[in-house]
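Analysis of the macromolecular model
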Amino acid sequence: MRTTLVLLAITLASTTYAQQPTRNDAYHYQVKKSVTATHGAVVSAHPLASQAGLQMLQQGGNAVDAAIATQFALAVVYPAAGNLGGGGFLIAHLKDGKNLAIDYREKAPAAASRDMYLDKSGNANTTLSQEGHLAAGVPGTVAGIFASLPYAKLTIQQLIAPAITLAEKGFAITEREAKSLNSQQALFSKLNTKPNVFVRTRTWKAGDTLLQKDLAATLKRIRDNGRAGFYEGETAALIVAEMKRGKGLMTTADLKAYEAKERTAVSFPYKSYRIVTMPLPSSGGIALQQMLGMVEKYPLASWGFHSVNAMHVMIEAERRAYADRAEYLGDPDFVKVPVKQLTSPAYLQSRMEDYDPHHAGSSDTTGAGKVYYESDETTHLSVMDNEGNAVAVTTTLNGGYGSKVVVGGAGFFLNNEMDDFSVKPGVPNMYGLVGNEANAVAPGKRMLSSMTPTIVLKKDKPYIVAGTPGGSTIITSVFQTVLNILEFNLPTQQAVDAPKFHHQWWPDQVDVEEDFDEAPLQGLRQMGYKIVPHSPIGRTEVIKVNDKGQLEAAGDKRGDDSAAGY
Ligand code: DON
């Protein structure tokens, strides 16, 4: 796989990362995979976004400041997933010991309805939930950023400045970005109602400048008017006008009513560690707790990394967690989810009772567990500072460039998150995930997510910050990355880059990355598993505190992901 240097040298200026990005910095930057730092570190999907976060740390900001600046910058330099028109989740462990979970997941517009993606004969039309105006949920990102601002030290003006410069002055796109933009031209042309900077007749190539004047103007309205700079006034009017032109559902009232929510983080022990991760409406935290709970009693470390035995038990845990996800999980503001039971040690133990150490299980016979109701293209960034704050943010438009619709005159893509609802029970979404009533569309409801921003605490202090995009594979990637460090003792970069495997209950198969060793796969085939090659899984960003107390930041080899620190 091609690594590292994406040098888009158009000028001869050297990179001076400590400053505000100047035009030259945005043309002359390097992907850095591994960085060891003492003061603070940021790792994200794009070098310029990691730099924006680093600048905030150097200006006296904390990890929350860095996470905010990195998110704004990603909305400019990584338009496939970084966003203003999508949503996300933030997990933090703050220096005073508080765990923070901010939910800024998109919501279904008020005019959405359960069967809105079904035709007259009741067949699901997933093109409508995946492409174009009807696919968009009410964006949450800007509300989420403002919900996290009280935990930051710098002003919104400081935090948004690097993004404004990058949008206004432009930056050189990487080869990967050029390819990605070229691959979408037909859909962009078909689905947009106004010309925008992403569509052009000439093909994009590495080093081309992406200038985003409309986006810069939107960012300035947010800088000057706060939340209202997005959810009200001109930006809201542009979104609503876009919806009218494209026959979408979102209204002025939907935008005004959107609220990010502080929720209680999922927090549970794994051996001597504590895992802090995202609660509903993400399925990620619950599924991670289930999977770690199911494998905890097995001798993973002595079986070894990618040993047949370790993979077998991990795959069976994945199968069972995803079966429960499909049956039970949905927006907790709308459906009653038996979280306590699904994550109780007794339940998790019972789930593995039919585990056969010598043979693959079957999704025909292993469905969701029985519980009794009590009354009662995504991107991730990881940050740690030297004050004891750690932040994990996963944010998404859902598919690459979301609905592919750019809000005319406002310069940002809208998400296609509506496809994360179960548009019809049993009909797979774009990640092959099936769901049920718990995740049916309803007005104002948040669609179930797999995003799993996660912090591992050791002796109550941040030890690992991790997360990744990858749709349904997010949870299994985080599961494996955490175990790669806690059980298999892999060095940080290797824990990120190691080939991943994935089982999501249905289809009943193990997806493996193409660079996976053949030997364990052979063993798994003999046990009865169907092994299917898969394109690269996730883009995981990890920061780990090493034995010397330094921060080891690792950007995934699978993209332009880049670490920064000082
Ligand atoms: O929230 C979710 O689970 C999905 N919308 C995430 C999509 C994603 O990771 C796309 N990136 N590859």
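Residues numbered from 1 in each chain as written. Predicted model: local features only at pLDDT ≥ 70, side-chain atom pairs only at ≥ 80, totals over all residues. Heavy atoms only, no water.

**Looking at the site of the ligand**
Thr378, Glu417, Asp420, Ser449 and Gly471 are the nearest of the 15 residues found near the ligand. Between the ligand and the protein, one listed contact pairs an oxygen atom with a side-chain N or O atom of Ser449 at 2.7 Å. Gly470 places a polar main-chain atom, nitrogen or oxygen, 2.8 Å from an oxygen atom of the ligand. Contact with the protein chains removes 94% of the 340 Å² of surface that the ligand exposes when unbound. Here the ligand is seated within the largest cavity. Along the lines of polarity and charge, the residues of the shell around the ligand split into 4 nonpolar, 7 polar and 4 charged. (Near = heavy atom within 4 Å. Polar contact = N/O pair within 3.5 Å; in protein donor to acceptor, adjacent residues only side chain to side chain. Areas by Shrake-Rupley, 256 points an atom, 1.4 Å probe, with all protein chains shown as cover. 1 Å grid on protein atoms, 1.4 Å probe; cavity = no way out; pocket = protein on both sides within 12 Å on 5 of 7 lines; lining within 4 Å. Sits in = over half its atoms within 2 Å of the grid points. Nonpolar A, V, L, I, M, F, W, Y, C, P; charged D, E, K, R; others polar.)

**Comments concerning the confidence of the model for the protein**
Any region with low pLDDT has predicted coordinates that should not be read closely. Of all residues in the protein, 95% attain a pLDDT of 70 or more, and the chain-wide mean is 94. With pLDDT under 50 throughout, residues 1-21 is counted as low confidence; its partners more than four residues away or in other chains account for 55 contacts. (pLDDT = per-residue confidence, 0-100. Contact = heavy atoms within 4.5 Å.)

**Looking at the side chain of Asn546**
Summarising the element assignment, Asn546 is placed in the loop between strand 17 (542-545) and strand 18 (551-554). Asn546 gets classed as buried once you look at its relative accessible area, which sits at 14%. At 2.9 Å, the side chain of Asn546 and the backbone nitrogen of Lys548 are in polar contact. Among the polar contacts listed, one links the side chain of Asn546 to the side chain of Glu552, at a separation of 3.1 Å. Leaving out residues up to four positions away in the same chain, Asn546 has contacts with Thr36 and Glu552. (Helix = DSSP H or I, 4+ residues; strand = E, 2+ residues; numbered from the N terminus. Buried < 20%, exposed > 50% of the residue type's maximum accessible area, 1.4 Å probe, protein only.)

**A short note on the sheet that holds strand 7 (residues 261-263)**
Taken in spatial order, the 7 strands make up an open sheet running 7-4-3-11-10-2-19, and their pairing is antiparallel. Two strands in the sheet have a free side with no partner beyond their single neighbour: strand 7 and strand 19 (562-565). Pairwise comparison of adjacent strand axes, ignoring direction, gives a mean angle of 15 degrees for this sheet. Of the strands in this sheet, strand 2 (40-44), strand 4 (99-104), strand 10 (379-385) and strand 11 (390-396) are in contact with helix 2 (residues 63-77), which crosses strand 10 at around 150 degrees. Each of strand 3 (87-93), strand 4 and strand 11 touches helix 4 (residues 141-148); the most contacted strand, strand 4, lies at about 155 degrees to it. (Pairing = 2+ DSSP bridges. Axes fitted to C-alpha atoms, helices over the stretch in contact; angles between N-to-C directions.)

**Observations regarding the sheet that holds strand 15 (residues 510-513)**
Strands sit in the order 14-15-16 across an open sheet of 3 strands; the sheet is mixed. A strand with exactly one partner marks an edge of an open sheet, and here the two such strands are strand 14 (501-502) and strand 16 (531-534). Where strand 14 and strand 15 come together, 2 bridges link them in antiparallel fashion. Of the residues in strand 15, the one forming a bridge with His502 is Asp511.

**Digging into the packing of aromatic side chains**
Enumeration over the complete set of coordinates arrives at 13 aromatic pairs. When the centroid spacing of 4.9 Å and the interplanar angle of 70 degrees are considered together, the rings of Phe230 and Tyr231 count as edge-to-face. Accessibility expressed as a relative area gives 0% for Phe230, which makes it buried. A cation over an aromatic ring shows up here: Arg200 above the ring of Trp204, its NZ or CZ 3.8 Å from the ring centre. One residue, Lys458, lies across the ring of Tyr463, its end atom 4.4 Å from the ring centre. (Phe/Tyr/Trp six-rings, centres within 6.5 Å; stacked < 30°, edge-to-face > 60°. Lys NZ or Arg CZ within 6 Å of the ring centre and 35° of its normal.)

**Topic: the domain arrangement of the protein**
Accessible area lost on assembly of the parts is the figure often given for the size of an interface. Structurally, the protein comprises domain 1 (74-262 + 382-421) and domain 2 (265-377 + 451-545). Centre-to-centre, using C-alpha coordinates, domain 1 lies 28 Å away from domain 2. With 31 residues of domain 1 in contact, the opposing surface of domain 2 contributes 28 residues. Across the interface of domain 1 and domain 2, roughly 2,100 Å² is buried in total on both sides, 71% from carbon and sulfur atoms. Considering only the surface of domain 1 that becomes buried against domain 2, Phe89, Ile91 and Met384 emerge as the three largest contributors, covering 29% of it. At the junction of domain 1 with domain 2, the criterion picks out 1 salt bridge. Between Lys261 and Asp333 there is a salt bridge, with its nearest N and O atoms 2.7 Å apart. (Domains from an automatic or database assignment. Buried area = accessible area lost by both parts, 1.4 Å probe. Salt bridge = Lys/Arg side-chain N within 4 Å of Asp/Glu carboxyl O.)

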